[in-house]
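Residues per chain are reported as follows:
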Amino acid sequence: MPRNQFERMIFALLTVVITVHGYVFYSLYVVNGELLMALHGTNSVLAAIASQGGVYMFGRYLPVWAVVLVEFCLAYGLEVTMGSPCSFKLACRVFDPRTSHPMMLETAVICATVGLMCPAMSFLAALLYYPYYAGFHVMTLLANWLKLVCLNFPFAFFSQLFFIQPLVRTLFKALFRRNGEPHKAKEAA
């Protein structure tokens, strides 16, 4: 686990890099893939995105790399300012870090992070991908936000708990080897 601000920033960076790519893939291929292919008469999602001129965002079509960059910046800023600090505080309200098993505390932090970040990022996505060409209405924005939360939350929960966070923790441990930790692991074995 990160022990100082620099390590927290690197941990958040690793998390967001993996997460944003996963969510862009999930959104384009899993949620909207068949619709995109049907609308453009193509056999692949990439061909459908190319034929429409990119991914609809901000009321215009942008290339996929621009979508990833925008979502990365928003997610990283949100993770550093709200997600990580608040999720750790929420988890510590239930589990004492000094006495609780580390796996229980880590699981509580992951669950709290998903509970905070999924609605927040879904709201930002509802704003980014809003169909501005049809005019703006608050009720449409709220309906789109609720739809995105319902679509994203199960994916966010299970991918973070079982894939993304274990991978990030493994990468983080490889980057920040602590003196004595490998020795302790050998003693336990």
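Residues numbered from 1 in each chain as written. Predicted model: local features only at pLDDT ≥ 70, side-chain atom pairs only at ≥ 80, totals over all residues. Heavy atoms only, no water.

Draft legend 1. Seen up close, the overall build of the protein chain. If you tally the helices and strands in the protein chain, you get seven helices and two strands. Along the chain direction, N to C, the helices and strands of the protein chain fall in the order α-α-α-β-β-α-α-α-α. Here the protein chain holds 189 residues, and 36% of them are scored as buried. Surface exposure of the protein chain reaches about 11500 Å², of which carbon and sulfur atoms provide 70%. Of the side-chain charges in the protein chain, 13 are positive and 8 negative, and the distance between the mean point of each set is 4 Å. (Helix = DSSP H or I, 4+ residues; strand = E, 2+ residues; numbered from the N terminus. Buried < 20%, exposed > 50% of the residue type's maximum accessible area, 1.4 Å probe, protein only. Areas by Shrake-Rupley, 256 points an atom, 1.4 Å probe, with all protein chains shown as cover. Lys, Arg positive; Asp, Glu negative; His and termini not counted. Charge placed at Lys NZ, Arg CZ, Asp CG, Glu CD.)

Draft legend 2. Inspection of the pattern of salt bridges at higher detail. If you walk through the whole model with that rule in mind, you get two salt bridges. Between Arg98 and Asp96 there is a salt bridge; the shortest N-O distance is 3.4 Å. Residue classification places Arg98 among the exposed residues on the basis of a relative accessible area of 74%. Across the pair Glu106 and Arg169 runs a salt bridge whose closest N-O atoms are separated by 3.7 Å. Here Glu106 is found in helix H5 (residues 102-128), whereas its partner Arg169 is found in helix H6 (residues 138-175), with 63 residues between them in sequence. What makes Glu106 buried here is its relative accessible area of 18%. (Salt bridge = Lys/Arg side-chain N within 4 Å of Asp/Glu carboxyl O.)

These results come straight from atomic positions and should not be treated as a statement about function.
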